[in-house]
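Structural overview
Here is what each chain is made of, one letter per residue.
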Amino acid sequence: MNIQPLQERVLLRTIQKEAKSDGGIVLTGLSVNKPNRGEVISCGHGYLLADGSRRTLEVKPGQVVLFNPAAVQMEEKLDGDSYVLIGEHDIVAVVTE
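My aim in this report is to walk through the structure given alongside it, one point at a time. If you're wondering where the values come from, they're calculated on a predicted model, not measured in any experiment. (Residues numbered from 1 in each chain as written. Predicted model: local features only at pLDDT ≥ 70, side-chain atom pairs only at ≥ 80, totals over all residues. Heavy atoms only, no water.)

Some thoughts on unusual backbone geometry
Inclusion rule: What counts as a helix is a DSSP run of H or I of at least four residues, what counts as a strand is a run of E of at least two, and both are numbered from the N terminus.
At Gln7, a position not held by glycine, the phi torsion is positive, near 50 degrees. Examined against the element boundaries, Gln7 turns out to sit in the segment before β1 (9-14). We note that Asp79 has phi near 50 degrees; this positive angle belongs to a residue other than glycine. Here Asp79 lies in the loop between β6 (74-78) and β7 (81-87).

What about the pairing of strand β5 (residues 64-67)?
Heads up, the condition is: Buried residues are those whose accessible area, probed at 1.4 Å on protein chains only, stays under 20% of the maximum for their type, while exposed residues exceed 50% and partly exposed ones sit between those limits. By definition, two strands form a pair when at least two bridges between them are found by DSSP.
Every second residue of β5 is oriented toward a common face, the buried set being Val65 and Phe67 and the non-buried set Val64 and Leu66. One ladder, built from three bridges, connects strand β2 (residues 37-43) with β5; its direction is antiparallel. Bridging across to β5, Glu39 finds its partner in Val64. Inspection of the sheet shows β5 paired to strand β8 (residues 91-95) by four bridges, in the antiparallel sense. Within β8, the residue paired with Val64 across the bridge is Val95.

Quick word on the sheet that holds β7
Inclusion rule: Fitted lines through C-alpha atoms give the axes, limited to the stretch in contact for helices. The angle between two N-to-C directions lies from 0 to 180 degrees.
Taken together, the six strands give an open sheet; going across it, the order is β6-β7-β1-β2-β5-β8, and neighbouring strands pair in antiparallel fashion. With partners counted over all chains shown, the strands left at the sheet margins are β6 and β8, one partner each. Between one strand and the next, the sheet's axes are offset by a mean angle of 40 degrees, whatever the strand orientation. With five bridges joining them, β1 and β2 adopt antiparallel strand pairing. Considered in β2, the bridge of Val10 is made with Cys43.

Quick word on the nonpolar core
For the record, the criterion: Here, the term nonpolar core denotes a set of buried Ala, Val, Leu, Ile, Met, Phe, Trp, Tyr and Cys residues that are joined through side-chain atoms within 4.5 Å. Here, two residues are considered to be in contact whenever any of their heavy atoms come within 4.5 Å of each other.
Counting residues in each nonpolar core, the largest one holds 11 residues, listed as Val10, Leu12, Val40, Cys43, Leu57, Val59, Val65, Phe67, Val84, Ile86 and Ile91. Listing elements by their share of this core, those giving two or more residues are β1, β2, β5 and β7. Excluding residues that lie within four positions of it along the chain, Val65 makes contacts with Leu12, Asn36, Arg37, Gly38, Val40, Val59, Ile91, Ala93, Val94 and Val95.

By themselves, these observations are geometric and do not establish any function.
Below, the structure written as structure tokens:
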């Protein structure tokens, strides 16, 4: 399946860290926070400006980003991976290693 975001939206594959308590117990279900890190899979064509031109997005496919999990517009599970669709303005940082 191919998903192409529209306008300033970005499709991310979420990166889930294994959650452990301070005592080393693996946490599951409601005790685990929603992921806030993801890999950019695809991007929309950008913001439509008043003059009819488009401003391209700052993020590119392949980058790992931090995002606001409360801003998720849509969530989908495909082939065992979790994907979210968010607006670029809800991406707060690009992670570099």
